[in-house]
Amino acid sequence: MSTSHAPPGSPLHDISPKSASATSEDRDDDPAAPDLETLRPSAARRTRVPRWLRRTTGPVLLLALWQLLSYTGVLSADVLASPGRIARVAGDLIGDGSLASSMGTSLRRVALGLLLGLLIGGGLALLAGLFRVGEDLVDAPVQMLRTVPFVGLIPLFIIWFGIGETPKVAVITLGVTFPLYLNVYAGIRGVDARLVEAGESLGLTRRGLVRHVVLPAALPGALTGLRYALGVAWLALVFAEQINADAGIGFLMVQARDFLRTDVIVVCLLVYAFLGLLADFIVRSLERLLLQWRPTFTGR
């Protein structure tokens, strides 16, 4: 067997495994050798500003503009209180315990309505998504009912359930049910048929297919529906707590409206926003925990 050699004088003639290794070893000793730069993705070299700083810049600038308009008198206190005034009122409400008590009452209503909505919406979605007979029986009535504004049903709920806690929880439950149903149902029906065929070829039973193939594939859509349902739950709570409420954040807003206290109203709205943001953060944490198997694009 013959070994091919590069012709003398060519660039390949002087390069051998031994000389290549020697070149890499002697590069550090040769001052004339060029320095090698580690290549990084362009997205990593684009900016060195911390992400938390970029995310907080907008709200901070908005608060500064709000305070400036209030200080110069362009925005009067009768129209909208200044951020400083709102901060003092929030401190007073926290100090006397009224804000904490109202938050506890509102959280209890949202939690109960969300639980009932999960059971009803998720159960109907599983029935309609997994069975054709269930789809024929369930999907059409649900699609009809979801087009009815749940706020418009408040007078009917008052007639049916009175003015206690039941109509408030019923409004939240109704608002939560339909987003969960739509997303869970779409997630189940959006499962790739090839995954189901692969599971059947491996000998999975129908229960095994649902457990190991259908439900995991539908989980992203279900969590998206849960995030949307939580937003609707806080929106429904605002309307629900207008029904002859004697406690809760909505009750504080009604009292503040009667006395033209825009500072208290803004504090209650900020509490609604904070609770909604906290609930969304919890669901997104669940997404990162439960969907570790799914690679996604995170932006550049």
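Note that the structure is predicted; figures quoted are calculated from it, not measured.

## Brief notes about the packing of aromatic side chains
According to the stated counting rule, one finds four aromatic pairs in the structure shown. An angle of 45° between the planes, with centres 5.9 Å apart, marks the rings of Phe-157 and Phe-161 as tilted. Remark: Phe-161 and Phe-157 occur in helix α7 (residues 154–161); sequence separation between them is four residues, near one turn of the helix. Residue Phe-161 is classed as partly exposed on the basis of its relative accessible area of 39%. The interplanar angle of 85° and the centroid separation of 6.2 Å between the aromatic rings of Trp-160 and Phe-161 together place this pair among those described as edge-to-face. Trp-160 sits in the exposed class, given a relative accessible area of 53%. Here the aromatic cluster, defined as three or more aromatic residues joined through ring pairs, consists of Phe-157, Trp-160 and Phe-161.

## Notes on the confidence of the model for the protein
Overall, the prediction assigns the protein a mean pLDDT of 78, with 81% of residues at 70 or greater. In this model, residues 1–7 is a region of pLDDT below 50 whose contacts with residues beyond four sequence positions or in other chains number three contacts.

## With respect to the pattern of salt bridges
In the structure shown here, the tally under the stated rule is six salt bridges. Of the charged contacts in the structure, one is a salt bridge between Arg-109 and Glu-241, with a shortest N-O distance of 2.8 Å. Residue Arg-109 is located in helix α5 (residues 98–130), and its partner Glu-241 is located in the loop between α10 (206–240) and α11 (249–258); the two are separated by 132 residues in the primary sequence. Take Arg-109 and Glu-241: they sit in the same class, and that class is buried. Residue Arg-227 is joined to Asp-280 by a salt bridge in which the shortest nitrogen-to-oxygen separation is 2.8 Å. Of this pair, Arg-227 sits in helix α10 while Asp-280 is found in helix α12 (residues 262–290), placing the two residues 53 residues apart along the sequence. A relative accessible area of 29% means that Arg-227 is categorised as partly exposed. We classify Asp-280 as buried; its relative accessible area is 18%.

## Comments concerning the packing of helix α4 (residues 83–95) against α12
At their nearest, the axes of α4 and α12 sit 9 Å apart, and the two run at 75° to each other. Classified by the angle their axes make, α4 and α12 are roughly perpendicular. Where α4 approaches α12, its residues Arg-85, Ile-86, Val-89, Ala-90 and Leu-93 are matched on the opposing element by Asp-263, Val-264, Val-266, Val-267 and Leu-270.

## Side note on the packing of α5 against helix α6 (residues 132–146)
Closest axis-to-axis distance for the α5/α6 pair is 6 Å, and the angle between their directions is 130°. The angle between α5 and α6 places the two elements in the oblique class. Relative to α6, the crossing made by α5 is left-handed. Counting all contacts with α5, which are made through Leu-124, Leu-127, Ala-128 and Leu-130, the residues of α6 involved are Arg-132, Gly-134, Glu-135, Val-138 and Val-142. Tallied by class, the residues present in the contact of α5 with α6 amount to six nonpolar, one polar and two charged.

## Comments concerning α6
A rise of 1.5 Å per residue sets the reference length of α6, with its 15 residues, at 21 Å; its end C-alpha atoms lie 20 Å apart and thus fit the reference within 8%. Taking the largest bend as the criterion, α6 deviates by roughly 35°, centred on Val-138, and proline Pro-141 comes between one and four positions later. Among the residues of α6, Gly-134, Val-138, Asp-139 and Val-142 are the ones counted as buried. Its buried side turned inward, α6 meets α5 and α8 (165–189).

Basis of the calculations
- Residues numbered from 1 in each chain as written.
- Predicted model: local features only at pLDDT ≥ 70, side-chain atom pairs only at ≥ 80, totals over all residues.
- Heavy atoms only, no water.
- Phe/Tyr/Trp six-rings, centres within 6.5 Å; stacked < 30°, edge-to-face > 60°.
- Helix = DSSP H or I, 4+ residues; strand = E, 2+ residues; numbered from the N terminus.
- Buried < 20%, exposed > 50% of the residue type's maximum accessible area, 1.4 Å probe, protein only.
- pLDDT = per-residue confidence, 0-100.
- Contact = heavy atoms within 4.5 Å.
- Salt bridge = Lys/Arg side-chain N within 4 Å of Asp/Glu carboxyl O.
- Axes fitted to C-alpha atoms, helices over the stretch in contact; angles between N-to-C directions.
- Parallel < 35°, antiparallel > 145°, perpendicular 65-115°, else oblique.
- Left-handed = near helix turned anticlockwise from the far one by under 90°.
- Nonpolar A, V, L, I, M, F, W, Y, C, P; charged D, E, K, R; others polar.
- Expected span 1.5 Å × (residues − 1).
- Bend = angle between axes of the 7 residues up to and from the residue.

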